[in-house]
Amino acid sequence: QVQLVESGGGLVQPGGSLRLSCAASGSIFSIYDMGWYRQAPGKQRELVAIITSGGSRNYVDSVKGRFTISRDNAKNTGYLQMNSLKPEDTAVYYCRLSGRGSNYWGQGTQVTVSS
């Protein structure tokens, strides 16, 4: 079994920063692609950023230049560094691992950007 636990969310003012973590257990982290998704109330869940098992990265246009996705395979942990946060970034953020025909989701962590 694969279990994912997100952490690092919270309340931050516009322009501030947060770093989200995604800690994985139960499998070999390095073989999976890892994505960060977010879902705001009343909206569909969207892919924010992804890093493949080979280290390739991609981002949704709205976060390019502000967010950085990374992974530390030795720690079985992925990260999302979020800078210059905006109110529209407010959402529950979810970590997902995918690969070998399987998908695994974390429980989500709330990010609120507000004055």
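Use the structure listed above.
These notes cover the structure that comes with them. Values in this document were obtained by computation on a predicted structure and should not be read as measured data.

### Let's talk about the sheet that holds strand E3 (residues 18-25)
Link 1 in the chain: Pairing is antiparallel in the open sheet, where 4 strands are placed in the order E1-E3-E8-E7. The sheet is open, and its two edges are formed by strand E1 (3-7) and strand E7 (67-72), each paired on a single side. Each adjacent strand pair in this sheet contributes to an overall mean axis angle of 15 degrees, direction not counted.
Link 2 in the chain: Here E7 runs beside strand E8 (residues 77-82); their pairing, made up of 6 bridges, is antiparallel. Looking at the pairing, serine 70 lines up with tyrosine 79 of E8.

### Digging into the pattern of salt bridges
Link 1 in the chain: With the rule as written, the count across this model stands at 4 salt bridges.
Link 2 in the chain: Close ionic contact of glutamate 46 with arginine 38 constitutes a salt bridge, the shortest N to O distance being 2.7 Å.
Link 3 in the chain: The partly exposed category is assigned to glutamate 46, whose relative accessible area is 30%.
Link 4 in the chain: Arginine 38 sits in the buried class, given a relative accessible area of 6%.

### Comments concerning the state of the cysteines
Link 1 in the chain: Evaluated as defined, the whole model comprises 1 disulfide.
Link 2 in the chain: Shown here is the disulfide that connects cysteine 22 with cysteine 95, its sulfur atoms set 2.1 Å apart. Measuring the twist about the S-S bond at about -80 degrees, one finds the cysteine 22-cysteine 95 disulfide to be left-handed. Pair noted here: cysteine 22 is in strand E3 and cysteine 95 is in strand E9 (residues 91-99), with a separation of 73 residues, a long-range link.

### Things to note about the side chain of serine 21
Link 1 in the chain: Along the chain, serine 21 falls in strand E3.
Link 2 in the chain: Judged by relative accessible area, which is 16%, serine 21 ranks as buried.
Link 3 in the chain: Beyond its immediate stretch of four places on either side in the chain, serine 21 contacts Val5, Glu6, Ser7, Trp36, Thr77, Gly78 and Tyr79.

About the thresholds
Residues numbered from 1 in each chain as written. Predicted model: local features only at pLDDT ≥ 70, side-chain atom pairs only at ≥ 80, totals over all residues. Heavy atoms only, no water. Pairing = 2+ DSSP bridges. Helix = DSSP H or I, 4+ residues; strand = E, 2+ residues; numbered from the N terminus. Axes fitted to C-alpha atoms, helices over the stretch in contact; angles between N-to-C directions. Salt bridge = Lys/Arg side-chain N within 4 Å of Asp/Glu carboxyl O. Buried < 20%, exposed > 50% of the residue type's maximum accessible area, 1.4 Å probe, protein only. Disulfide = S-S within 2.5 Å. Contact = heavy atoms within 4.5 Å.

Just geometry here; none of it tells us what the structure is for.
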